[in-house]
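So the chains spell out like this:
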Amino acid sequence: MKKSNEVYCVSDRLVIRKFDLQDVHAFYQYRANPDVSRFQSWENYTLQDAEAFIRKQIVHSPNQHGTWFQYAIALTESDQVIGDCAIHTRADEPQIVELGFTLAPEFQGKGYMNEAICALMDYVFGALNKHKLIAFADVRNTKSIQVLERLGMRREGHLLENYKSKGIWIDEYQYAMLRSEWLNKHGVIHAMNN
Ligand SMILES: CC(C)(COP(=O)(O)OP(=O)(O)OC[C@H]1O[C@@H](n2cnc3c(N)ncnc32)[C@H](O)[C@@H]1OP(=O)(O)O)[C@@H](O)C(=O)NCCC(=O)NCCS
């Protein structure tokens, strides 16, 4: 396994780490895939977009109020990037954070996102000591809804025409997990660095 300096959390098969310039091509390939971008904010993603995005993440740090931080999800064995998950730390209430996630199509259907977010939740409620994790899902995005429900997140609301995506207003479900709920389910938090 290649050693990465900035590892935030690990699971059996995965390392959640900072992005690196070597990840640009893999990141670009899945972001440019129309199946991946269908329910996301971006479209027609270019290699230049990918490189500019990763360059910004390299000099960015997690847990900065009012910003998103994108974590690379890499295979433990090869350090190959297979997707990412992101945390938005709210400016008005930084104890509440929002989750986003994407997996390259060839790595879907293997439970990798469930595994990555379980590890990330341990880190969010442990190392980062957050109070509540929320996530929004486009109501048409069945795969994303399944990920959130498999994690045990509660559907807190159905928000009508809450988000404008590619020119149309779409409904979203809001999901949430409190720190107390995570602790009730999992007990111990394995804190690493933040
Ligand atoms: C949302 C997304 C990450 C879900 O990917 P996924 O592969 O379905 O999710 P997981 O990695 O958790 O895998 C779950 C699947 O693997 C299967 N699986 C296989 N081995 C498994 C294991 N060891 N543990 C758990 N699940 C396993 C599950 O049964 C499930 O398959 P199913 O959906 O056919 O029932 C993916 O569809 C994606 O990237 N979409 C585009 C981006 C996007 O829309 N993101 C959401 C907006 S924030």
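Below or above, wherever it landed, is the structure these notes cover. Remember, it's a predicted structure, so these values are computed and weren't measured experimentally.

A few points about the overall build of the protein
Point 1. A tally of regular secondary structure across the protein gives 6 helices and 8 strands.
Point 2. For the protein, the α and β elements follow one another from N to C terminus as β-β-α-α-α-β-β-β-α-β-α-β-β-α.
Point 3. For 194 residues, the compact-globule estimate of 2.2 N^0.38 gives 16 Å, and the protein sits close to it at 16 Å.
Point 4. With the principal axes as the frame, the protein shows a C-alpha extent of 45 × 40 × 35 Å.
Point 5. Evaluated residue by residue, the protein yields a buried proportion of 47% over its 194 residues.
Point 6. A fraction of 60% describes how many contacts in the protein between residues 6 or more apart in sequence connect residues 24 or more apart.
Point 7. Of the roughly 10000 Å² of accessible surface on the protein, 48% is carried by carbon and sulfur atoms.
Point 8. For the protein, the distance from the average position of its 22 positive side-chain charges to the average position of its 24 negative side-chain charges is 1 Å.

Focus: the packing of helix α1 (residues 24-31) against helix α3 (residues 47-58)
Point 1. Contact pair α1 / α3: the axes reach a minimum separation of 9 Å and the direction vectors enclose 125 degrees. Relative to α3, α1 is oriented oblique. Relative to α3, the crossing made by α1 is right-handed. Contact residues: Val 24, His 25, Phe 27, Tyr 28 and Arg 31 in α1; Leu 47, Ala 50, Glu 51, Phe 53 and Ile 54 in α3.
Point 2. Partitioning the contact of α1 with α3 into residue classes produces 7 nonpolar, 1 polar and 2 charged.

Notes on the site of the ligand
Point 1. Within the structure, the ligand sits among 19 residues, and Phe 101, Leu 103, Gly 109, Met 113 and Asn 141 are positioned closest to it.
Point 2. In the environment of the ligand, a nitrogen atom lies 3.2 Å from a nitrogen or oxygen atom belonging to the side chain of Gln 40.
Point 3. A distance of 2.8 Å separates a nitrogen atom of the ligand from a polar backbone atom of Phe 101.
Point 4. For the ligand, whose accessible area on its own is 960 Å², the fraction buried by protein is 72%.
Point 5. If you list the elements that add at least two residues to the shell around the ligand, you get β5 (96-103), α4 (112-125) and α5 (142-150).
Point 6. Looking at the shell around the ligand element by element, the count peaks at 5 residues for α5.
Point 7. Of the residues belonging to the shell around the ligand, the class tally is 6 nonpolar, 10 polar and 3 charged.

Considering the pattern of salt bridges
Point 1. Under the defined criterion, the tally for this structure stands at 11 salt bridges.
Point 2. For Arg 155, the salt bridge goes to Glu 149, with nearest N and O atoms at 3.3 Å.
Point 3. Glu 149 gets classed as partly exposed once you look at its relative accessible area, which sits at 41%.
Point 4. Note that Arg 154 is salt-bridged to Glu 156, the shortest N-O span being 3.1 Å.
Point 5. A relative accessible area of 30% places Arg 154 in the partly exposed class.
Point 6. In this structure Glu 156 comes out as partly exposed when scored by relative accessible area, which is 35%.
Point 7. One continuous salt-bridge network, built from bridges that share partners, spans Lys 132, Arg 154, Glu 156 and Glu 181.

Thresholds, definitions, all that
- Residues numbered from 1 in each chain as written.
- Predicted model: local features only at pLDDT ≥ 70, side-chain atom pairs only at ≥ 80, totals over all residues.
- Heavy atoms only, no water.
- Helix = DSSP H or I, 4+ residues; strand = E, 2+ residues; numbered from the N terminus.
- Rg over C-alpha atoms; globule rule 2.2 N^0.38 Å.
- Buried < 20%, exposed > 50% of the residue type's maximum accessible area, 1.4 Å probe, protein only.
- Contact = heavy atoms within 4.5 Å.
- Areas by Shrake-Rupley, 256 points an atom, 1.4 Å probe, with all protein chains shown as cover.
- Lys, Arg positive; Asp, Glu negative; His and termini not counted.
- Charge placed at Lys NZ, Arg CZ, Asp CG, Glu CD.
- Axes fitted to C-alpha atoms, helices over the stretch in contact; angles between N-to-C directions.
- Parallel < 35°, antiparallel > 145°, perpendicular 65-115°, else oblique.
- Left-handed = near helix turned anticlockwise from the far one by under 90°.
- Nonpolar A, V, L, I, M, F, W, Y, C, P; charged D, E, K, R; others polar.
- Near = heavy atom within 4 Å.
- Polar contact = N/O pair within 3.5 Å; in protein donor to acceptor, adjacent residues only side chain to side chain.
- Salt bridge = Lys/Arg side-chain N within 4 Å of Asp/Glu carboxyl O.

Spatial relationships are all this shows, so hold off on functional conclusions.
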